[in-house]
Amino acid sequence: AQSVTQPDARVTVSEGASLQLRCKYSYFGTPYLFWYVQYPRQGLQLLLKYYPGDPVVQGVNGFEAEFSKSNSSFHLRKASVHWSDWAVYFCAVRLSGYNKLTFGKGTVLLVSP
Amino acid sequence: GALVYQYPRRTICKSGTSMRMECQAVGFQATSVAWYRQSPQKTFELIALSTVNSAIKYEQNFTQEKFPISHPNLSFSSMTVLNAYLEDRGLYLCGATGDSYEQYFGPGTRLTVL
């Protein structure tokens, strides 16, 4: 069965510093991968998505992610973090042809001044 | 653009009672709707996946008897939490998918059980 692991429950980054949030997936076949963000007391917003193709995908607000088949990873990156990026970030995988998402446990991003 | 609305945004019910929540897709045809629950301090669990003209598929630990779902057309779905108890509290998200295979989420219905 497919699964998603976000090994870091919490990450603290200084404002203006770079960011990487880790995501590892376990899946038989070619995955469709997503990063979502959940701001406090809100639902989910899509940051970016990977469909088979270019391994580096660009998202909203300066986020990008890189798919690595050899490492089974889909890490999220941002060059310069802003205080408004404080939120919970979820990595998710979808089975091809099946509209079900499997989510990781989420990583809380804290931004320090 | 594609939008998903959920109603109500938050609700409180007494233990043992039931509550119904709705999901509406606007700007696209929702050929499938997935209902998820985020319990406090946890991630999103899929409750069931509903595809128009197909049977609704429930995940392990979730049943139709507890979470009956209606998906009568390509823009609307509803789910009821029957006989709600404390462990049913959380944020219920509706994810609707159209032809683009991208799943759009509503803002969620937050359920509190007293």
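Whatever comes next refers back to the structure up there.
Residues numbered from 1 in each chain as written. Chains lettered and ligands numbered in written order. Predicted model: local features only at pLDDT ≥ 70, side-chain atom pairs only at ≥ 80, totals over all residues. Heavy atoms only, no water.

Novice: Now, about the sheet that holds strand S1 (residues 3–7) of chain B: what can you tell me, with residues and values included?
Specialist: Residue and element names in this part refer to chain B. Taking strand neighbours across the sheet as the criterion, the 4 strands line up as S1-S3-S8-S7 in an open arrangement whose pairing is antiparallel. Unpaired on one side and paired on the other, S1 and strand S7 (69–73) mark the two borders of the sheet. Neighbour-to-neighbour, the strand axes of this sheet turn through a mean angle of 15°, independent of strand direction. (Pairing = 2+ DSSP bridges. Helix = DSSP H or I, 4+ residues; strand = E, 2+ residues; numbered from the N terminus. Axes fitted to C-alpha atoms, helices over the stretch in contact; angles between N-to-C directions.)

Novice: Give a description of the pairing of strand S8 (residues 63–68) of chain A that names residues and reports values.
Specialist: Residues and elements named next belong to chain A. Strand direction decides the pairing type here: strand S7 (residues 56–58) and S8, joined by 3 bridges, are antiparallel. Its bridge partner being in S8, Val57 is matched across the sheet by Ala65. Counting the residues between successive antiparallel strands, the hairpin from S7 to S8 contains 4 residues, one of them, Asn61, with a positive phi of roughly 55°. Where S8 folds back onto strand S9 (residues 73–78) in an antiparallel hairpin, the turn is made up of 4 residues, including Ser72, whose phi is positive at roughly 50°.

Novice: Help me get a handle on the packing of aromatic side chains, residues and values and all.
Specialist: What the rule picks out here adds up to 17 aromatic pairs over all chains. The interplanar angle of 90° and the centroid separation of 6.4 Å between the aromatic rings of Phe90 of chain A and Phe103 of chain A together place this pair among those described as edge-to-face. Here Phe103 of chain A lies in strand S11 (residues 101–103) and Phe90 of chain A lies in strand S10 (residues 87–94), a separation of 13 residues in the sequence. Ring centres 5.7 Å apart and planes at 55° place the aromatic pair Tyr36 of chain B and Phe105 of chain B in the tilted group. Highlighted residues: Tyr36 of chain B in strand S4 (residues 32–38) and Phe105 of chain B in strand S10 (residues 103–105), separated in sequence by 69 residues. There is no split in this pair, since Tyr36 of chain B and Phe105 of chain B are both buried. Each residue in the set Tyr32, Phe34, Tyr36, Tyr51, Phe90 and Phe103 of chain A together with Tyr36, Phe44 and Phe105 of chain B is aromatic and connected to the rest through ring pairs, giving one cluster. Above the ring of Tyr32 of chain A, the side-chain terminus of Arg94 of chain A is found at 4.6 Å from the ring centroid. (Phe/Tyr/Trp six-rings, centres within 6.5 Å; stacked < 30°, edge-to-face > 60°. Buried < 20%, exposed > 50% of the residue type's maximum accessible area, 1.4 Å probe, protein only. Lys NZ or Arg CZ within 6 Å of the ring centre and 35° of its normal.)

Novice: Describe the interface of chain B and chain A, listing the residues and the values that go with them.
Specialist: Listed as interface residues are 22 residues of chain B and, on the opposing side, 18 residues of chain A. Buried area between chain B and chain A, summed over both chains or domains, comes out near 1,700 Å², and the portion from carbon and sulfur atoms is 51%. For Lys100 of chain A, the salt bridge goes to Glu59 of chain B, with nearest N and O atoms at 2.9 Å. Viewed at the interface, chain A and chain B are joined by 6 residue pairs in polar contact (both at pLDDT 80 or more). Listed by contribution, the elements that provide at least two residues to the side of chain B that touches chain A are S4, strand S5 (44–51), strand S9 (90–97) and S10 of chain B. The dominant element in the side of chain B that touches chain A, judged by the number of residues it contributes, is S4 of chain B, at 4 residues. Here the residues of the side of chain B that touches chain A sort into 10 nonpolar, 7 polar and 5 charged. (Contact = heavy atoms within 4.5 Å. Buried area = accessible area lost by both parts, 1.4 Å probe. Salt bridge = Lys/Arg side-chain N within 4 Å of Asp/Glu carboxyl O. Polar contact = N/O pair within 3.5 Å; in protein donor to acceptor, adjacent residues only side chain to side chain. Nonpolar A, V, L, I, M, F, W, Y, C, P; charged D, E, K, R; others polar.)

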